[in-house]
Amino acid sequence: MFAKASRTLLHARQFQATGFGEKSNLLYLSNSNLRFKNVPSSISRRRKTTTSTETKIFTRTRIEGFKRDGKVMARSVFAIGFSLAMGDCLCQVLENGTLISYERTATMFTIGTFITGPLSHTWNIFLETKLPGNSVIKIVQKTLLNSVYAFNLSLPVMFTAVTLLSRSPSGERGTFQDAKAKIAKDLVPTFIAGCFYWPAFNFLVFRFVAANNRAVASSLIGTVWNVYLAYVANKTIEIENATGLQQRIEE
């Protein structure tokens, strides 16, 4: 009997030495884990509850972020539209001593609120994302990029919008061909004038104003600039309208 027990112990050691014993143990543990997973537990339920709560918090945070960004943009575009309208009012008073075209002022407000305003706000956020910080080097870079933006997008869009939305005495609106001719004539002189006005103010805005408020700050600073911009944007149209009216009278 002692010899039989010794042979059984020897076989067990040989079995473990070959590795089959370890594999059997791993298989047993694996099956145990599978059986454990199939049984509902408080831990798994807690994990599901936590995941659901985190998803709800993330969704609520995103919605609140969208609402906050929407309010910031609404404030920015309204300020830009109001600034353009005020600039046009002052421009008309300086030119004629009084307001002669409420429609023209309304057009400038519409362009600022729904066209150039959203562009300006989005550009300021994008610029701060790509070039964060308010060091002197960053400010110089942002000012240069602002000039590129004004020359290639902001001013052409402004001239095009004013041309297309303004009416002649006959009630006709301008065409894209008219807008193209206006850009070719007035873009470079207007851009050069802006280079003498905006860099110093851009330094102050980029240095001391947060990105979300820069469109508003620029619109307040730009009220004086908008007087000149309203004059340039409407000058060619009014001259052409007056010329056409005079030609029709002579005929």
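Structure shown above.
We now turn to the structure provided with this report. (Residues numbered from 1 in each chain as written. Predicted model: local features only at pLDDT ≥ 70, side-chain atom pairs only at ≥ 80, totals over all residues. Heavy atoms only, no water.)

## Quick word on the environment of methionine 108
Step number 1: Its location among the elements puts methionine 108 in helix H4 (residues 102-130).
Step number 2: For methionine 108, a relative accessible area of 0% corresponds to the buried category.
Step number 3: Measuring from C-alpha to C-alpha, the distance between methionine 108 and alanine 85 comes to 5.5 Å, with 23 residues separating the pair along the chain.
Step number 4: Not counting residues within four places of it along the chain, the set of residues in contact with methionine 108 comprises Leu84, Asp88, Met158, Val162, Ala230 and Asn234. (Helix = DSSP H or I, 4+ residues; strand = E, 2+ residues; numbered from the N terminus. Buried < 20%, exposed > 50% of the residue type's maximum accessible area, 1.4 Å probe, protein only. Contact = heavy atoms within 4.5 Å.)

## Details of the pattern of salt bridges
Step number 1: The final tally for this structure, using the stated rule, is 6 salt bridges.
Step number 2: Note that arginine 104 and glutamate 95 form a salt bridge whose closest N and O atoms lie 3.8 Å from each other.
Step number 3: Under the relative-accessibility criterion, glutamate 95 is labelled partly exposed at 36%.
Step number 4: Residues glutamate 128 and lysine 142 are paired through a salt bridge, measuring 2.7 Å at the closest nitrogen-oxygen approach. Taken as a pair, glutamate 128 in helix H4 and lysine 142 in helix H5 (residues 136-165) lie far apart in primary sequence, 14 residues in all. Like lysine 142, glutamate 128 is buried.
Step number 5: Overlapping salt bridges, with partners in common, bring together Asp88, Glu95 and Arg104 in one network. (Salt bridge = Lys/Arg side-chain N within 4 Å of Asp/Glu carboxyl O.)

## Overview of helix H6 (residues 176-208)
Step number 1: Spanning 33 residues, H6 covers only 39 Å between terminal C-alpha atoms, well under the ideal 48 Å at 1.5 Å per step.
Step number 2: Of all the bends in H6, the largest measures some 45 degrees and sits at aspartate 186, one to four residues before the proline proline 189. (Expected span 1.5 Å × (residues − 1). Bend = angle between axes of the 7 residues up to and from the residue.)

## Observations regarding a nonpolar patch on the surface
Step number 1: On the surface, a nonpolar cluster with roughly 600 Å² of combined accessible area is contributed by Val136, Val140, Leu144, Phe203, Leu204 and Phe208.
Step number 2: Sorting the residues of the nonpolar patch by element identifies H5 and H6 as the ones contributing at least two each.
Step number 3: Within the fold, leucine 204 resides in helix H6. (Patch = residues over 30% accessible without salt bridge, like charges linked within 9 Å, V, L, I, M, F, W, Y side chains within 5 Å. Areas by Shrake-Rupley, 256 points an atom, 1.4 Å probe, with all protein chains shown as cover.)

## Things to note about the side chain of histidine 121
Step number 1: Relative to the elements of secondary structure, histidine 121 occurs in helix H4.
Step number 2: The class for histidine 121 is buried, based on a relative accessible area of 7%.
Step number 3: There is a polar contact of 3.2 Å between the side chain of histidine 121 and the side chain of serine 76.
Step number 4: Not counting residues within four places of it along the chain, the set of residues in contact with histidine 121 comprises Val72, Met73, Ser76, Asn212 and Ala215. (Polar contact = N/O pair within 3.5 Å; in protein donor to acceptor, adjacent residues only side chain to side chain.)

## Some points on the environment of threonine 190
Step number 1: Take threonine 190: it is sitting in helix H6.
Step number 2: Here the alpha-carbon distance between threonine 190 and valine 232, two residues 42 residues apart in the chain, equals 7.7 Å.
Step number 3: Excluding residues within four positions of it along the chain, threonine 190 makes contact with Leu155, Phe159, Trp225, Tyr228, Leu229 and Val232.

## Thoughts on the packing of aromatic side chains
Step number 1: Under the defined criterion, the tally for this structure stands at 9 aromatic pairs.
Step number 2: Aromatic side chains phenylalanine 78 and phenylalanine 109 sit 6.0 Å apart centroid to centroid with 80 degrees between the ring planes, which places their arrangement in the edge-to-face category. A residue pair is termed long-range when its members are at least 10 positions apart, and phenylalanine 78 in helix H3 (residues 42-96) and phenylalanine 109 in helix H4 qualify at 31 residues.
Step number 3: Its relative accessible area of 28% is what places phenylalanine 109 among the partly exposed residues.
Step number 4: Residues tryptophan 225 and tyrosine 228 carry aromatic rings whose centres are separated by 5.4 Å and whose planes lie at 45 degrees to one another, so their mutual orientation is tilted. Taken as a pair, tryptophan 225 and tyrosine 228 lie in helix H8 (residues 223-250) at a separation of 3 residues, close to a single helical turn.
Step number 5: Taking NZ or CZ as reference, lysine 182 lies 5.4 Å from the ring centre of phenylalanine 159, over its face. (Phe/Tyr/Trp six-rings, centres within 6.5 Å; stacked < 30°, edge-to-face > 60°. Lys NZ or Arg CZ within 6 Å of the ring centre and 35° of its normal.)

## Thoughts on the side chain of threonine 113
Step number 1: Among the structural elements, threonine 113 can be located in helix H4.
Step number 2: Threonine 113 sits in the buried class, given a relative accessible area of 10%.
Step number 3: Among the polar contacts listed, one links the side chain of threonine 113 to the backbone oxygen of phenylalanine 109, at a separation of 2.9 Å.
Step number 4: With sequence-adjacent residues up to four places away left out, threonine 113 is seen in contact with Val77, Gly81 and Pro118.

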